[in-house]
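Okay, here's what each chain looks like letter by letter:
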Amino acid sequence: MKPIFTLLSLLFSSFAVLANDMNAVALSFEKHFNDYIDSLNKYDIILEKADGFEVLDTRGRESATTARFRPPLYVKQYPYVLENADAGVAFLYPEINLDEKGLKEGFYVENEIRSNEKNIDFDVRQSISILSGKEAEQYSNADTAVVYELDMFYNDVPYLGVYRHCVGIYLRKYAHPAMLLKVMLSDSAYTEKDKYVRMMLDLLRYGNEQNPEMEKFEHKVSAVVDLDFPSKKKKFCGFIMDDIDDETLDAYVQFKKLRDSYRAKMVEKTDTLSTTEERD
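What you see is a predicted model, and the numbers here were worked out from it, not measured in a lab.

Colleague: What exactly am I supposed to notice about the overall build of the chain here?
Modeller: What the chain contains, in helices and strands, is 7 helices and 11 strands. By the burial criterion, 41% of the 280 residues in the chain qualify as buried. The contacts in the chain between residues at least 6 apart in sequence include a share of 69% that link residues at least 24 apart. As presented, the chain carries roughly 16,100 Å² of accessible surface, and 52% of it is formed by carbon and sulfur atoms.

Right, dumping it as structure tokens:
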């Protein structure tokens, strides 16, 4: 009997180690999301975590790769996924660009809708609601808000295997980073979509303090028309692709990382030269 007890003891120990590892991963992703909240706060954006929602580890889950639902060019990455599995709802928060590119991102909206329709010439005006002024202020105190819906399938599999419906929310506030949010809904939760859209918006709010650095960027992009649909620049729409193989997607991701790294180094080099010139 002793070998059996020894085996059982080893099994229980292994389960305990696995449970500890899973808890450590969960805490790690929770910390990443808290760091994300802190980074937004520096740019006058207040974000709260929804009660009853957990921060997901979506690494390695094919059905959680949002880039697969549309062309691999000009897509928004969503590293922060919060889910309330019981309610059938998930909130997706994007990476943000803290430069002039991060101010106006309306082309993502057009890109997503045209890809969803599999029609690069699709006039997205019939699929979006654009709010401004007092109406937009109800959407997280934004200057402008765009709301639209998408289907979220890849090879007939919904997002995370559950979420067939998506409400996209694009928020724009002067001298603040733009936010492109996603509310993912199961079939049952879709009947209460307005409730969950309002919930996500109530958790995020722009302040009215204009960041001097972002305001400088505003002047650089003042000539860029953000929501003048249909876009005259078809390159923003990427290419309509029914499928994206892993090799193509991985190559694009690696290219984007190298490109962004190079650009960051060039900006750092320019800032260093400017500082040196000022001292001289």
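Colleague: Could you clarify how one ought to interpret the nonpolar core in this entry?
Modeller: Generally speaking, a soluble globular protein has its nonpolar side chains buried in company with each other. Grouped together as the largest cluster of nonpolar side chains are 37 residues, with contacts concentrated most on Phe33, Tyr36, Phe91, Tyr93, Leu171, Met179 and Val183. Broken down by element, this core gets its largest block of residues, 5 residues, from helix H1 (residues 2–41). When residues no more than four places from it in sequence are discounted, the contact partners of Tyr36 are Leu47, Tyr80, Tyr93, Pro94, Ile96 and Met179. With 25 residues, the next largest nonpolar core counts Phe107, Ile113, Ile128 and Ala178 among its residues.

Colleague: For this particular structure, what's the right way to read the environment of Asp86?
Modeller: When you line up the elements, Asp86 lands in the loop between strand S3 (80–84) and strand S4 (89–93). When the C-alpha positions of Asp86 and Ala189 are compared, they lie 9.9 Å apart, and in sequence the two are 103 residues distant.

Colleague: So what exactly am I meant to see when it comes to helix H6 (residues 212–220) here?
Modeller: Note that an α-helix has 3.6 residues per turn; residues three or four places apart therefore point the same way. Turning to H6, its buried residues number three or more, namely Met214, Phe217 and Glu218. Angularly, the buried residues of H6 cover 110 degrees about the axis, an arc narrow enough to put them on a single face. For H6, the exposed residues lying more than 90 degrees away from the buried face are Pro212, Lys216, His219 and Lys220. Where H6 is buried, its residues touch strand S9 (165–172). At the N-terminal end of H6, a side-chain oxygen is found 2.9 Å from the backbone nitrogen of Glu213, two or three residues along, and the residue is Asn211.

Colleague: Honestly, the confidence of the model for the chain in this entry has me stumped. Any pointers?
Modeller: A low pLDDT score tells you not to read the predicted coordinates there in detail. Summarising the model, the chain shows a mean pLDDT of 75, and 66% of its residues fall at 70 or more. Low pLDDT, under 50, characterises residues 68–74; the predicted model gives this stretch 39 contacts beyond four residues in sequence or across chains. Predicted confidence is poor over residues 234–244, with pLDDT under 50, and the contacts of this stretch with residues over four places away or in other chains come to 34 contacts.

Colleague: Would you explain the sheet that holds strand S5 (residues 128–132) in this entry?
Modeller: Read from one edge of the open sheet, 7 strands run S2-S3-S4-S10-S9-S6-S5, paired in antiparallel fashion. In this open sheet, the two edge strands, each paired with only one partner strand, are strand S2 (54–55) and S5. Relative to S4, S3 runs antiparallel, the two sharing 5 bridges. From the neighbouring strand, Val81 faces S4, where its bridge partner is Leu92. Packing of helix H2 (residues 106–117) onto the sheet brings it into contact with S5, strand S6 (144–151), S9 and strand S10 (179–185), and relative to S6 it is tilted by some 20 degrees.

Colleague: Even after reading the chapter, I still don't get the pairing of S6, so can you show me in this structure?
Modeller: Consecutive side chains along a regular strand alternate between the two faces of the sheet. With 6 of 8 residues buried, S6 is to be regarded as a mostly interior element. Here 5 bridges tie S5 to S6, and the two strands are oriented antiparallel to one another. The partner of Ile130 across the bridge, within S6, is Val146. In terms of strand pairing, S6 meets S9 through 8 bridges, oriented antiparallel. Bridge pairing in S9 links Asp151 to His165.

Colleague: Got a minute to help me understand the packing of aromatic side chains in this structure?
Modeller: To describe a pair of aromatic rings, you give the distance between the ring centres and the angle between the ring planes. Inspection of every chain in the model, using the stated rule, returns 6 aromatic pairs. Note on Phe53 and Phe91: the rings are 4.7 Å apart at their centroids and 15 degrees apart in plane angle, and the pair reads as stacked. Here Phe91 lies in strand S4 and Phe53 lies in the loop between strand S1 (45–47) and S2, a separation of 38 residues in the sequence. Phe91 carries the same exposure label as Phe53, and that label is buried. Site record: aromatic cluster; members linked through ring pairs are Phe33, Tyr36, Tyr80 and Tyr93. Its guanidinium or amino end placed over the ring of Tyr139, Arg198 lies 5.7 Å from that ring's centre, counting from NZ or CZ.

Basis of the calculations
Residues numbered from 1 in each chain as written. Predicted model: local features only at pLDDT ≥ 70, side-chain atom pairs only at ≥ 80, totals over all residues. Heavy atoms only, no water. Helix = DSSP H or I, 4+ residues; strand = E, 2+ residues; numbered from the N terminus. Buried < 20%, exposed > 50% of the residue type's maximum accessible area, 1.4 Å probe, protein only. Contact = heavy atoms within 4.5 Å. Areas by Shrake-Rupley, 256 points an atom, 1.4 Å probe, with all protein chains shown as cover. Core = buried A, V, L, I, M, F, W, Y, C linked by side-chain atoms within 4.5 Å. Arc of directions from axis to C-beta. Polar contact = N/O pair within 3.5 Å; in protein donor to acceptor, adjacent residues only side chain to side chain. pLDDT = per-residue confidence, 0-100. Pairing = 2+ DSSP bridges. Axes fitted to C-alpha atoms, helices over the stretch in contact; angles between N-to-C directions. Phe/Tyr/Trp six-rings, centres within 6.5 Å; stacked < 30°, edge-to-face > 60°. Lys NZ or Arg CZ within 6 Å of the ring centre and 35° of its normal.

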